Amino acid sequence: MFSSPALLRAARCLALANFVALGLLFAAAGLYVQDFRGLDVHGVAAVGLHITSGALALALVLRAWGTKTGLIPAVTAVMLFVLTFLQALVGSAMTLTLHFSGALVIAAMATWLIAWAFSRERSGDARRSPELRNHYPEGAHS
């Protein structure tokens, strides 16, 4: 079907796009809280976050299914995708405290996913020395 390196490259690109959308969301939220501007940008960035987190979840699920590794990042990406919709539901003025708290959880998850995607271990066993490959027990890293 799809190769693991191709899915990893796609996941890296999508994690970056997800992070950019998240940055736009935080910037627009700051403008909105400060002087009630930027709500349109916030909405567009939220749609971008939905799209990129969904595509990232799909790429990581396909990679986990094909390689039988990386289940935790795949589950995290799916949870991130679902949380973006829950986040949109609590975006009214009455539930703004929940919206702020949810934004921090989403930011932490997106940061972890981008760190995982770009970690050195993801580069593949071919570039690792035999000593490093033998250092990890089978299945310990995803």
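Residues numbered from 1 in each chain as written. Predicted model: local features only at pLDDT ≥ 70, side-chain atom pairs only at ≥ 80, totals over all residues. Heavy atoms only, no water.

Asks: Would you mind showing me how to read the overall build of the chain here?
Replies: Helix and strand counts for the chain stand at five helices and zero strands. Reading the secondary structure of the chain in the N-to-C direction produces α-α-α-α-α. Taken over 142 residues, the chain has a buried fraction of 32%. The contacts in the chain between residues at least 6 apart in sequence include a share of 66% that link residues at least 24 apart. With an accessible surface of roughly 8,800 Å², the chain has 72% of that area assigned to carbon and sulfur atoms. (Helix = DSSP H or I, 4+ residues; strand = E, 2+ residues; numbered from the N terminus. Buried < 20%, exposed > 50% of the residue type's maximum accessible area, 1.4 Å probe, protein only. Contact = heavy atoms within 4.5 Å. Areas by Shrake-Rupley, 256 points an atom, 1.4 Å probe, with all protein chains shown as cover.)

Asks: Would you mind showing me how to read the packing of aromatic side chains here?
Replies: Aromatic ring pairs: the centre-centre distance and the angle between the two ring planes describe each pair. This model, assessed by the stated rule, comprises two aromatic pairs. Considering the side-chain rings of Tyr 32 and Phe 36, the 5.6 Å spacing of their centres and the 90° angle between planes classify their relative orientation as edge-to-face. Judged by its relative accessible area of 66%, Phe 36 falls in the exposed class. Centroid distance Phe 81 to Phe 85: 5.2 Å. Interplanar angle 90°. Geometry classified as edge-to-face. Pair noted here: Phe 81 and Phe 85 are both in helix α3 (residues 71–89), with a separation of four residues, about one helical turn. (Phe/Tyr/Trp six-rings, centres within 6.5 Å; stacked < 30°, edge-to-face > 60°.)

Asks: Would you mind going over the packing of helix α2 (residues 39–67) against helix α4 (residues 96–117) with me for this structure?
Replies: Each pair of packed helices gets described by two things: the angle between the helix axes and the distance between those axes. Between α2 and α4, the shortest axis-to-axis distance is 13 Å and the interhelical angle comes to 40°. As the angle between them shows, α2 and α4 are arranged oblique. Once α2 is placed against α4, the crossing between them reads as left-handed. Together, His 42, Leu 49, Leu 56, Leu 60 and Arg 63 of α2 and His 99, Ile 106, Leu 113 and Trp 116 of α4 make up the contact between the two elements. Here the contact of α2 with α4 is composed, by residue class, of six nonpolar, two polar and one charged. (Axes fitted to C-alpha atoms, helices over the stretch in contact; angles between N-to-C directions. Parallel < 35°, antiparallel > 145°, perpendicular 65-115°, else oblique. Left-handed = near helix turned anticlockwise from the far one by under 90°. Nonpolar A, V, L, I, M, F, W, Y, C, P; charged D, E, K, R; others polar.)

Asks: Even after reading the chapter, I still don't get the side chain of Thr 76, so can you show me in this structure?
Replies: Tracing the sequence through the fold places Thr 76 in helix α3. For Thr 76, a relative accessible area of 14% corresponds to the buried category. The residues contacting Thr 76, other than those within four sequence positions of it, are Met 109, Trp 112 and Leu 113.

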